[in-house]
Amino acid sequence: MSETVTTDPVPATPPPRERGLTRRTWTLIISFLAVAVLGLLGGFARVPYVALGPGPVYDTLGQAKGADVVSVEGQNTFPTKGTLTMTTVSLTDDVSLFGALGLWLSGRYALAPREEFFKPGESEEQVQQQNQKAFSDSQTSAEVAALHYLGYPGKVIANEITKGSPAENVIPLGARILSVNGKQVASADDVRGALENTKPGDRIDVAFEHEGTSKSTQITLGTRDDGRASGFIGILPVDRADTPFKIKISLSDVGGPSAGLMFALAIVDKLTPGELNGGQNIAGTGEIQGDGTVKPIGGIAFKMVAARESGATTFLVPAANCLDAKQQTPEGMKLVKVEKLQDAVSSLEALAAGKPTPSC
């Protein structure tokens, strides 16, 4: 009989351990670092784009920061109802990669190349100053257009004097221009028209008023830089209202010229009896010239969104913006096409009376 012998198994010799980190650990570390770098780039790296979206809205018949947006001093005004809302576009600069992606995915914003809004070498402060000047000019144009529509007289002033020009040290800055080359001046266009048949070297008479004193002087015309054959005075004539009362527009932190139409309508509404908007919530946009012409603006889609979210049901659209506006009209928004201030006033009166209006 054989004997069974039981013995303990001899353990296998373990493989030698690798010194340092394993390949798997290195893979995890590298992956983590890659994710961290990507996160830093996405969160901090700036892209050469700006984000455009719906901006704040302001009722030109109401108040902003406790003050009337449009006020008239020294003249009786009439009560108003409803709203005449001006709209804006928000511009977000210094956008990160992830920030730009998030804004775009929200559906409320669009991205545009930064160079379209900031010229090479131009600072954000310079752009802001330009926008503020455009906004200030829009207020002046709105006042001139509204008062001209209402039949108030106007005047032409020398808003700028070109350095080294024939007018320098002859016509004071801010002087009221009465006549040029024997022709009476009632608008800035009259000044340009009076020079059409002149040439450099011609001597012409210019009559002006400054600080209550009227004066007439002769000026020898110079050569224009733009290549036109007509003579050059060297003044920038602009239209201004000539009324005993003062209109004040109090609104800060807004830039650009596109509020002109709504400012003009607010002035007309306050200086005429009845409610121009029929008590409704009306919004709109449009740059306006002194003669009442309404010019196109940018960002119409974003402005309509902002208007609709504010409760407006009717939007005044510059005629040249109609095609874009029609393709992107928010639900429940009625579009009214406007070419001049007169069109806007007539359309608002028609809306109040329940009559049809020009549409895009």
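The structure presented is a predicted model; accordingly, all values stated were derived computationally and were not measured.

Engineer: Can you walk me through the packing of aromatic side chains in this structure?
Structural biologist: Two aromatic rings, taken as a pair, are described by how far apart their centres are and by the angle between their planes. On inspection of all chains with the given rule, the structure shows two aromatic pairs. Measuring from centroid to centroid gives 5.8 Å for Phe135 and Phe263, while their planes differ by 65 degrees, and the two rings are edge-to-face. Placement of the pair is Phe135 in helix α3 (residues 124-149) and Phe263 in helix α5 (residues 260-270), with a sequence separation of 128 residues. Owing to a relative accessible area of 0%, Phe263 belongs among the buried residues under this scheme. With 5.3 Å between their ring centres and 80 degrees between their planes, Tyr152 and Phe245 make a pair best called edge-to-face. Of this pair, Tyr152 sits in the loop between α3 and β7 (154-161) while Phe245 sits in the loop between β12 (235-241) and β13 (246-249), placing them 93 residues apart in sequence. Phe245 gets classed as buried once you look at its relative accessible area, which sits at 6%.

Engineer: Even after reading the chapter, I still don't get the side chain of Thr83, so can you show me in this structure?
Structural biologist: Residue position: Thr83 is located in strand β5 (residues 83-92). The exposure class assigned to Thr83 is buried, which follows from its relative accessible area of 18%. In terms of polar contacts, Thr83 uses its side chain to reach the side chain of Asn281, at 2.4 Å. Non-local contacts of Thr83, meaning those with residues more than four positions away in its chain, are made with Asp59, Leu61, Asn277, Gln280, Asn281 and Ile282.

Engineer: How do you make sense of the packing of α3 against helix α8 (residues 341-352) when you look at a structure like this?
Structural biologist: When two helices pack together, you describe them by how their axes are tilted relative to each other and by the distance separating the axes. Between α3 and α8, whose axes approach to 10 Å, the crossing angle comes to 65 degrees. The two elements α3 and α8 cross, and the hand of that crossing is right-handed. Across the interface between the two elements, Ala145, Ala146 and Tyr149 from α3 touch Leu341, Gln342 and Val345 from α8.

Engineer: Even after reading the chapter, I still don't get the layout of surface pockets, so can you show me in this structure?
Structural biologist: Approximately 1100 Å³ is the volume attributed to the largest pocket. Together, 36 residues line the largest pocket, and Val89, Leu91, Asn131, Gly255 and Gly256 are the ones closest to its centre. Of all the elements in the fold, those that place two or more residues in the lining of the largest pocket are β1 (49-59), β5 and α3. Looking at the lining of the largest pocket, its residues break down into 15 nonpolar, twelve polar and nine charged. By volume, the second largest pocket is sized at about 630 Å³. Together, 27 residues line the second largest pocket, and Val144, Ala188, Val238, Asp239 and Gly290 are the ones closest to its centre. For the lining of the second largest pocket, the elements supplying multiple residues, two or more each, are α3, β7, α4 (188-194) and β12.

Engineer: Any chance you could explain the side chain of Ser90 here in plain terms?
Structural biologist: Its place among the elements puts Ser90 in strand β5. Overall, Ser90 belongs to the buried group, its relative accessible area being 18%. Looking at Ser90, its side chain comes within polar contact range of the main-chain oxygen of Pro54, at 3.5 Å.

Engineer: Before we go on, may I ask you to explain the pattern of salt bridges in this structure?
Structural biologist: As a working rule, side chains carrying opposite charge can pair if their charged atoms are close by. Counted under the stated rule, the structure contains six salt bridges. In this structure, the salt-bridge partner of Asp242 is Arg176, at a minimum N-O distance of 3.3 Å. Placement of the pair is Asp242 in the loop between β12 and β13 and Arg176 in strand β8 (residues 176-180), with a sequence separation of 66 residues. Sharing partners across several salt bridges, the network here consists of Arg224, Asp226 and Arg228.

Engineer: Honestly, the confidence of the model for the protein in this entry has me stumped. Any pointers?
Structural biologist: Interpreting fine coordinate detail is not advised for predicted regions of low pLDDT. Predicted confidence across the protein gives a mean pLDDT of 86, with 84% of residues reaching 70 or more. Note that residues 1-12 has pLDDT below 50 and, in this model, zero contacts with residues that lie over four places away or in other chains. Overall, residues 35-44 carries pLDDT values under 50, and its contacts beyond four positions in sequence, including any with other chains, amount to ten contacts.

Engineer: What is the right way to read the nonpolar core from this model?
Structural biologist: Looking at soluble globular proteins, one finds that nonpolar side chains tend to be buried together. In terms of nonpolar packing, the biggest core is built from 41 residues, with Leu261, Phe263, Leu265 and Leu316 touching the most fellow members. Elements with a contribution of two residues or more to this core: β4 (70-73), β5, α3, β13, α5, β18 (334-338) and α8. When residues of this core are assigned to their parent elements, the largest contribution, eight residues, is made by α5. When residues no more than four places from it in sequence are discounted, the contact partners of Phe263 are Thr60, Val69, Val70, Met86, Phe135, Ser138, Gln139, Ala142, Ile249 and Leu251.

Engineer: Could you clarify how one ought to interpret the pairing of β5 in this entry?
Structural biologist: Successive side chains on a regular strand alternate, one facing one side of the sheet and the next facing the other. Counting buried positions over the ten residues of β5 gives seven, a clear majority of the element. The sheet contact formed by β1 and β5 spans seven bridges and is antiparallel. Bridge pairing in β5 links Ala51 to Thr92. Relative to strand β14 (residues 281-284), β5 runs parallel, the two being bridged by four bridges. By the bridge assignment, Thr83 is partnered in β14 with Asn281.

About the criteria used
- Residues numbered from 1 in each chain as written.
- Predicted model: local features only at pLDDT ≥ 70, side-chain atom pairs only at ≥ 80, totals over all residues.
- Heavy atoms only, no water.
- Phe/Tyr/Trp six-rings, centres within 6.5 Å; stacked < 30°, edge-to-face > 60°.
- Helix = DSSP H or I, 4+ residues; strand = E, 2+ residues; numbered from the N terminus.
- Buried < 20%, exposed > 50% of the residue type's maximum accessible area, 1.4 Å probe, protein only.
- Polar contact = N/O pair within 3.5 Å; in protein donor to acceptor, adjacent residues only side chain to side chain.
- Contact = heavy atoms within 4.5 Å.
- Axes fitted to C-alpha atoms, helices over the stretch in contact; angles between N-to-C directions.
- Left-handed = near helix turned anticlockwise from the far one by under 90°.
- 1 Å grid on protein atoms, 1.4 Å probe; cavity = no way out; pocket = protein on both sides within 12 Å on 5 of 7 lines; lining within 4 Å.
- Points joined across faces, edges and corners; volume = space filled by probe spheres on them.
- Nonpolar A, V, L, I, M, F, W, Y, C, P; charged D, E, K, R; others polar.
- Salt bridge = Lys/Arg side-chain N within 4 Å of Asp/Glu carboxyl O.
- pLDDT = per-residue confidence, 0-100.
- Core = buried A, V, L, I, M, F, W, Y, C linked by side-chain atoms within 4.5 Å.
- Pairing = 2+ DSSP bridges.

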